[in-house]
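Here are the chains, one letter per residue:
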Amino acid sequence: MTLALYPAIKLGETSAKVRRSISRLTTGLNILAGGPVGDMSQGVALNATGKTNKQVVSSTQVALDLLLTAESALIELAALATRLKEIGIADTNSTNDAADTAALNAEAISVSDSIDAIVTTAKFHNIAILGTSAKTFSVTRDVDGNTTSIKTTAGITATNVTDATGSNSTADTAITEIQTSLGHVSGHSTSLGGYQNTANALANIELEAAARLMDTNFAIETAKLMKNTLIQKYAT
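Along each chain, numbering runs from 1 in the same order as the chain's sequence is written. Residues qualify for local features only when their pLDDT is at least 70, as the model is predicted, and side-chain atom pairs are given and counted only at 80 or more; totals for whole chains, interfaces and linings, by contrast, use all residues. Processing note: side-chain calculations cover all non-hydrogen atoms of the structure and skip hydrogens and water entirely.

A short note on the overall build of the protein chain
Right, so step 1: Of regular secondary structure, the protein chain possesses five helices and four strands.
Right, so step 2: Secondary structure follows DSSP: runs of H or I at least 4 residues long count as helices, runs of E at least 2 residues long count as strands, and numbering of each begins at the N terminus. Starting at the N terminus, the α and β elements of the protein chain follow one another as α-α-α-β-β-β-β-α-α.
Right, so step 3: Each residue gets one of three labels from its accessible area relative to the maximum for its type: buried under 20%, exposed over 50%, partly exposed in between, using a 1.4 Å probe on protein chains only. Buried residues in the protein chain amount to 32% of all 236 residues.
Right, so step 4: Taking as baseline every contact in the protein chain between residues at least 6 positions apart, the subset at least 24 positions apart corresponds to 73%.
Right, so step 5: Split by element, the accessible area of the protein chain, about 13000 Å² in all, is 58% carbon and sulfur. Here, two residues are considered to be in contact whenever any of their heavy atoms come within 4.5 Å of each other. Each accessible area value is a Shrake-Rupley result obtained with a 1.4 Å probe; residue values ignore everything except the protein chains displayed when judging cover.

Overview of the layout of surface pockets
Right, so step 1: Using only the protein atoms, space was sampled on a 1 Å grid; points where a 1.4 Å probe fits but cannot get out form cavities, open sets with protein on both sides within 12 Å along at least five of seven lines form pockets, and lining residues are those with an atom within 4 Å of a point. Grid points are joined across faces, edges and corners, and a volume is the space filled by probe spheres set on the points. Taken as a whole, the largest pocket spans an internal volume of roughly 160 Å³.
Right, so step 2: What lines the largest pocket is simply Ser59, Val62, Ala63, Leu66, Phe124, His125, Ile127, Phe137, Ser138, Val139 and Ile150.
Right, so step 3: Of all elements in the fold, only helix 2 (37-91) and strand 3 (135-140) reach the threshold of two or more residues within the lining of the largest pocket.
Right, so step 4: In terms of residue count, helix 2 provides more of the lining of the largest pocket than any other element does, four residues in total.
Right, so step 5: As a working rule, the residues Ala, Val, Leu, Ile, Met, Phe, Trp, Tyr, Cys and Pro are called nonpolar, Asp, Glu, Lys and Arg charged, and the rest polar, with Gly in that last group. Classifying every residue of the lining of the largest pocket by side-chain character gives eight nonpolar, three polar and no charged.

Digging into the pairing of strand 4 (residues 147-153)
Right, so step 1: Paired strands, in this sense, are two strands between which DSSP finds at least two bridges. In this structure, strand 3 lies alongside strand 4, joined through six bridges in antiparallel fashion. Its bridge partner being in strand 4, Thr140 is matched across the sheet by Thr147.
Right, so step 2: The hairpin formed by strand 3 and strand 4 contains six residues between the paired strands, and Gly145 there has a positive phi angle of roughly 85°.

Quick word on the nonpolar core
Right, so step 1: In this description, a nonpolar core means a group of buried Ala, Val, Leu, Ile, Met, Phe, Trp, Tyr and Cys residues linked to one another through side-chain atoms lying within 4.5 Å. If you look at the biggest cluster of nonpolar residues, it comprises 32 residues, and the most contacted ones within it are Leu77, Ile115, Ile129 and Ile150.
Right, so step 2: When contributions to this core are tallied by element, the ones reaching two or more residues are helix 2, helix 3 (98-121), strand 3 and helix 4 (167-214).
Right, so step 3: The contacts of Ile150, once residues within four sequence positions are left out, are Ala63, Leu66, Leu67, Lys135, Thr136, Phe137, Val139, His188 and Leu192.

A short note on helix 3
Right, so step 1: A helix's residues, less one, multiplied by 1.5 Å, set its expected span. End to end, helix 3 covers 34 Å across 24 residues, agreeing with the expected 34 Å (1.5 Å per residue, within 8%).
Right, so step 2: Listed in full, the buried residues belonging to helix 3 are Leu104, Asn105, Ala108, Val111, Ser112, Ile115, Asp116 and Val119.
Right, so step 3: Structurally, the start of helix 3 carries an N-cap: the backbone nitrogen of Ala99 is 3.1 Å from a side-chain oxygen of Asp97. Two N or O atoms form a polar contact when they lie within 3.5 Å of each other; inside protein one atom must be a possible hydrogen donor and the other a possible acceptor, and for residues adjacent in sequence the pair counts only when both atoms belong to side chains.

Comments concerning the environment of Lys85
Right, so step 1: Relative to the helices and strands, Lys85 resides in helix 2.
Right, so step 2: The partly exposed category is assigned to Lys85, whose relative accessible area is 32%.
Right, so step 3: Filtering out sequence-adjacent residues up to four positions away, Lys85 remains in contact with Asn168, Ala171, Asp172 and Ile175.

The following block contains the structure:
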């Protein structure tokens, strides 16, 4: 190579650097135009896994919302069952007259009907979350598609009260079943929260790592572009 060709060769290299910088700045990807291929491969894999973990976070949040809905319904059921027990106890009082008994019977039936209605009609996203039999759901817990089971209830027996007599015993059964259901909801909320926090942490780490590998450093690349543009301008 003769010395006469050297400036032209360097100018050509500068032009290539300008195009490379423009490509990286317009796309936001550092791996284009001569970037390391290995960074591209690792970045794509980390980005995919990170976004999948974000989907796990979203899926577990839906399940947590379902459990929260069930918990709210169960708390209301506990209040109603407690009132039904109070009515049954009040009905055992021998000083009640006919009007008292009639009032207690009417309230017991109303409370019982409310309990049974909530148990059979409570829904989340059009899915029944309580019932007289167990309600179990599968929820994705990690990027491999593994699932965990959550239970909102082991079943709450219909009260079917027709008067206040003995309603306290019926209420005792309901309260015990509601307590058990609340235990399931509380336990699964805790475990799902753990899965969600783990997936969220992994997603943030993986997406940040992918960005470091693939994304353009705009400050550095802009400085390079300005430098090489000036060289190109004043060398021609």
